[in-house]
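Structural characterization, general
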Amino acid sequence: MNDVQFLVESGIGRITLNRPRALNSLNHGMVLAMLDHLETWRADPGVRAVLIDGAGDRGLCAGGDIRAIYEDARAGGTASLRFWADEYRLNLLISRYPKPYLALMDGLVMGGGVGVSAHGSHRIVTERSRVGMPETGIGFVPDVGGTYLLSRTPGELGTHIALTAGAVSGPDAIHCGLADHFVPSERIPDLLDALTSRPTEDALKSIAEPAPPSALAGDAAWIDHCYAAGTVEEILARLHAAGDAAATAAKEIEAKSPTALKVTLRALRSAAAMPDLETVLAQEYRISAHALSTAEFAEGIRAQIIDKDRAPKWSPATLSEVDDRIVDAYFS
């Protein structure tokens, strides 16, 4: 398994996602290898902390292997169900890991990349970080614990991120509770060096800097007002009436799958009331399993990833056509 590399040095168990040409996207073998090593390292007294990063200079991880999921969906297969089951177990293990789990969230961190980083105990962003859950753009719904994380951001920032499928900066990620520490990218080698000789907290304290202001925090007033509405239709109406920035967000949302938008909003509201990540992951698994059986998901991947024509033919094509029966099926 060369797609993910493991090394223990100076008490640090290091995981490097090693598919730089694919933006380090996760496949099933990588997930299983990570589960195995994390379980081993948990009981190894020679490992005092774990660190995950990505090969190349573009980012930690752009998500799951969408092409493989697309082929599975078109063939009516079940390989994606097994992949998600193990991926979500990995997300839960990371959230409960008894040793410091450091994630270097430099560059792109999308979808499944959020799942292997933002549930960790020490999440580090840089000025290059772009963190997001792009699922509604491919007819899918935020998973890997994404609805858990986004439903617990200040105000309605998480709803905005989920429905627009937009990526946020490192400072925005810290403000939203998706990250903890800001380290300039040029100082990452210094951090890695400090971790070899100091306790985790001391190393971070010596290298991390105050994060720049969060631009998203400055938009909280209109975001909280608009996204507090109970339906996607009402959210869009409020956005169109709230000024230029809000209207731009509305246009981004209107390009997404109407079905995925409605399912995502209900999933977020439901996740907010759930007691823990494990319960939310169970709900996300039900949603993902149903999505795999729909033409919507395959069409979204086709348009964005396979043919790249950026012209998905959503069905239903409008929000008004997405009734409760369609949404309920994702949660059954």
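Look up: the structure comes first, before these words.
Before going into details, it helps to say that this report is about the structure given with it. (Residues numbered from 1 in each chain as written. Predicted model: local features only at pLDDT ≥ 70, side-chain atom pairs only at ≥ 80, totals over all residues. Heavy atoms only, no water.)

1. Considerations on the sheet that holds strand S9 (residues 167–168)
- Within the open sheet, the four strands sit side by side as S4-S6-S8-S9. Their pairing is mixed. Two strands in the sheet have a free side with no partner beyond their single neighbour: strand S4 (59–61) and S9.
- In this structure, strand S8 (residues 130–132) lies alongside S9, joined through two bridges in antiparallel fashion. Its bridge partner lying in S9, Val131 is registered against Val168. (Pairing = 2+ DSSP bridges. Helix = DSSP H or I, 4+ residues; strand = E, 2+ residues; numbered from the N terminus.)

2. Re the packing of aromatic side chains
- Summed over the entire model, instances satisfying the criterion amount to five aromatic pairs.
- Where Phe6 meets Trp41, the ring centres are 6.0 Å apart and the plane angle is 75°; that geometry is what we call edge-to-face. Taken together, the positions of Phe6 in strand S1 (residues 4–9) and Trp41 in helix H1 (residues 28–42) put the pair 35 residues apart, joining distant regions of the chain.
- Ring geometry for Trp84 and Phe140: centres 5.6 Å apart, planes at 20°, overall stacked. Residue Trp84 is found in helix H3 (residues 79–95), and its partner Phe140 is found in the loop between S8 and helix H5 (146–150); the two are separated by 56 residues along the sequence.
- Its relative accessible area of 2% is what places Trp84 among the buried residues. (Phe/Tyr/Trp six-rings, centres within 6.5 Å; stacked < 30°, edge-to-face > 60°. Buried < 20%, exposed > 50% of the residue type's maximum accessible area, 1.4 Å probe, protein only.)

3. Things to note about the sheet that holds strand S2 (residues 12–17)
- Ordered by their spatial adjacency, six strands build an open sheet running S1-S2-S3-S5-S7-S10, and the pairing between neighbours is mixed. Where the open sheet ends on each side, the last strands, each with one partner, are S1 and strand S10 (181–182).
- Against the sheet, helix H9 (residues 200–207) touches strand S3 (49–54), strand S5 (101–105), strand S7 (122–125) and S10, its axis set at about 20° to S7. (Contact = heavy atoms within 4.5 Å. Axes fitted to C-alpha atoms, helices over the stretch in contact; angles between N-to-C directions.)

4. Examining the pattern of salt bridges
- This model, assessed by the stated rule, comprises 16 salt bridges.
- Here Arg96 and Glu278 are joined by a salt bridge, their closest N and O atoms 2.7 Å apart. One end of the pair, Arg96, is in the loop between H3 and S5; the other, Glu278, is in helix H15 (residues 277–292), with 182 residues separating them in the sequence.
- Looking at Glu278, the relative accessible area reads 41%, which means it is partly exposed.
- Put simply, Arg123 and Asp180 hold a salt bridge, and the shortest N to O gap is 2.8 Å. Separated by 57 residues along the polypeptide, Arg123 in strand S7 and Asp180 in the loop between helix H7 (170–175) and S10 bring together distant segments of the chain.
- What makes Asp180 partly exposed here is its relative accessible area of 31%. (Salt bridge = Lys/Arg side-chain N within 4 Å of Asp/Glu carboxyl O.)

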